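Structural overview
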Amino acid sequence: METSPIPVVTVQTSPFEDQRPGTNGLRRKTAVFEGKKNYLQNYIQSLLSSIDLRDRQGCTMVVGGDGRYFSRAATEVIVQMAAANGIGRLVIGHNGLLSTPAVSCIIRKIKAIGGIILTASHNPGGPGGDFGIKFNVANGGPSPDIVMERICQVSRTLEEYAICPDLHIDLSRLGRQEFDLENKFKPFRVEIVDSVDVYLQLLRNIFDFNAIKSLLTGPDQLKIHIDAMNGVMGPYVRRILCDELGAPANSAVNCVPLEDFGGCPPEPNLTYATTLVDAMKGGEFGFGAALDADGDRYMILGENGFFVNPADSVAIMAANLSAIPYFRQHGVKGFARTITSQNGAEKRRCNWDIFDSVDGKGSDHIREKDGLWSVLVWLSIMAARKQGVEQIVREHWAKFGRNYFCRFDYEGLDPRAAFYLMRDLEAVISDKAFTSQKFAVGDHMYSVERADNFEYIDPVDGTVARNQGLRIIFTDASRLVFRMSGSGGGMGATIRIYAENFERDPERHNRETQVVLGPLIAIALKISSIHERTGRRGPNVIT
């Protein structure tokens, strides 16, 4: 029996004033997306309309997410609206699941115009949690400022959206589904793909899987403990580390994606990844890692819970890239997204000096941070050097010096208060007189060498990213970085303060981090007045 074409419906709407994307997407409380009439539809229409009509007609787009609550409902709306707006094909992860690195990978592999990622990163999930929509562009990377501004401009004047409300798909059925639409010459196609396959093949081309497998299964087997934090990375960890590389099945924990991530924020740090921390302190495992909800961030621990901070991690990767076949063959264009670790990394061949809000690394194999990639880099280094995590780190300190590093997170701040704090702080550090400032804390004297609002030119594709963080760099190479995060969702704004101090003297490599960085933190609190201006007595999280 022949079915009638699916109608395309135009729905009248009114603009919302709060749909300006943050760092690279829109994050709000889930209840806002779910409960405000047309809120989701308005933003999706604004996103689709920001793409030139000539580029949009018949194009391919990728859709996936971290599996948090409301993702399935949102995915169906996105499919219905993509069809109505002329998208020719959608490639969607099985059950709607795709890690952020996998979305980037697939965009590049199939030459899609971009990808929509349903995630609020490491923010809590569930009905009372956060929801977010990211848009990655054709190079696989996050939307640059110009794209986010276009989306915002469309959202301010939106009067209608187009949708096919009678179009329904089965996210659980792998394969192609086609739909005839009214007034469309070609059928609209949806392809449900395995969430891991394309990404796994890319990793096979980067790493020496045989070397890693020997490390995990050989006579001197390294016992690992990987916590997927009930986010999207569970299927990736099981498939790649267990099935492909031979780690025992019990090496991977919390690998079932849950809509609320088991009730805990899926943030890989010492505060929230307590399952991993407790397991590693027992001494049974030689290597541990936690991965966040969408897979772009990670934390590394060694035997007995030895913590590897982000500054050391990026520097050690830079010093050992010869352990990775991809870099031996193609050279190094970029492999990290951090300026908090610049001082040490510069000495270790790090030439991609990019800032990010939490420990995330990647390379030019995709255009995103990539947590599991970073885990495989560490395992490759351990396989090549035949050393444990702590020994690798301590030898690195002895050779290059140690970067003491910490991060203070002030979460849930009033957005206006946070905005004006950062605005006023930028005015202070931009004053020419600031570069001659000296700060005395106890017996320490810190002299400002330079200060700026960091921006960079991407060494891979030449794009410019601005407003990446307020930096204060002192003459002794220590530094402070302030950044207002765009990933606060509906829980308010987040200001993160980073402090770093470089220590060359091996006799001073075993001091307590907070003791070393205490004077820098005191300076940060003084010049920002963050406690006075926010009413806080301290940070929510210290990393």
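The chain appears in an unreviewed UniProt entry as Phosphoglucomutase-like protein 5 from Scophthalmus maximus. Check the Sequence similarities (unreviewed entry) section of the UniProt entry for the chain; it says "Belongs to the phosphohexose mutase family."

Take the UniProt feature "domain: Alpha-D-phosphohexomutase alpha/beta/alpha" (unreviewed entry) in the chain next. Under the UniProt annotation, the feature "domain: Alpha-D-phosphohexomutase alpha/beta/alpha" (unreviewed entry) is placed at residues 19–160, 199–305 and 364–400. Annotated as 33% helix and 15% strand, the span residues 199–305 places its first and last C-alpha atoms 30 Å apart.

The next thing to look at is the pattern of salt bridges. Tallied over the full model, the rule gives 28 salt bridges. Across the pair Arg-28 and Asp-18 runs a salt bridge whose closest N-O atoms are separated by 3.8 Å. Taken as a pair, Arg-28 in strand 2 (residues 25–29) and Asp-18 in the loop between strand 1 (9–12) and strand 2 lie far apart in primary sequence, ten residues in all. Residue class for Asp-18 comes out partly exposed when judged on its relative accessible area of 28%.

On to the packing of helix 11 (residues 310–319) against helix 15 (residues 389–400), then. At a minimum axis separation of 11 Å, helix 11 and helix 15 run at an interaxial angle of 80 degrees. Between helix 11 and helix 15, the interaxial angle falls into the category roughly perpendicular. Contacts from Asp-312, Ala-315, Ile-316 and Ala-319 of helix 11 reach helix 15 at Ile-392, Val-393, His-396, Trp-397 and Phe-400. Here the contact of helix 11 with helix 15 is built from residues that sort into seven nonpolar, one polar and one charged.

Turning our eyes to something else, we now look at the nonpolar core. One finds Phe-207, Tyr-236, Ile-240, Phe-287, Trp-378 and Leu-379 to be the most contacted residues of the largest nonpolar core, which totals 65 residues. For this core, the element with the highest residue contribution is helix 14 (residues 371–385), accounting for ten residues. The contacts of Leu-379, once residues within four sequence positions are left out, are Ile-212, Leu-215, Leu-222, Ile-224, Leu-241 and Phe-287. In terms of nonpolar packing, the next biggest core, distinct from the first, is built from 46 residues, Leu-47, Ala-84, Tyr-161 and Ala-162 among them.

The rules behind the values
Residues numbered from 1 in each chain as written. Predicted model: local features only at pLDDT ≥ 70, side-chain atom pairs only at ≥ 80, totals over all residues. Heavy atoms only, no water. UniProt positions renumbered as here; feature names shortened; annotations may be inferred. Helix = DSSP H or I, 4+ residues; strand = E, 2+ residues; numbered from the N terminus. Salt bridge = Lys/Arg side-chain N within 4 Å of Asp/Glu carboxyl O. Buried < 20%, exposed > 50% of the residue type's maximum accessible area, 1.4 Å probe, protein only. Axes fitted to C-alpha atoms, helices over the stretch in contact; angles between N-to-C directions. Parallel < 35°, antiparallel > 145°, perpendicular 65-115°, else oblique. Contact = heavy atoms within 4.5 Å. Nonpolar A, V, L, I, M, F, W, Y, C, P; charged D, E, K, R; others polar. Core = buried A, V, L, I, M, F, W, Y, C linked by side-chain atoms within 4.5 Å.

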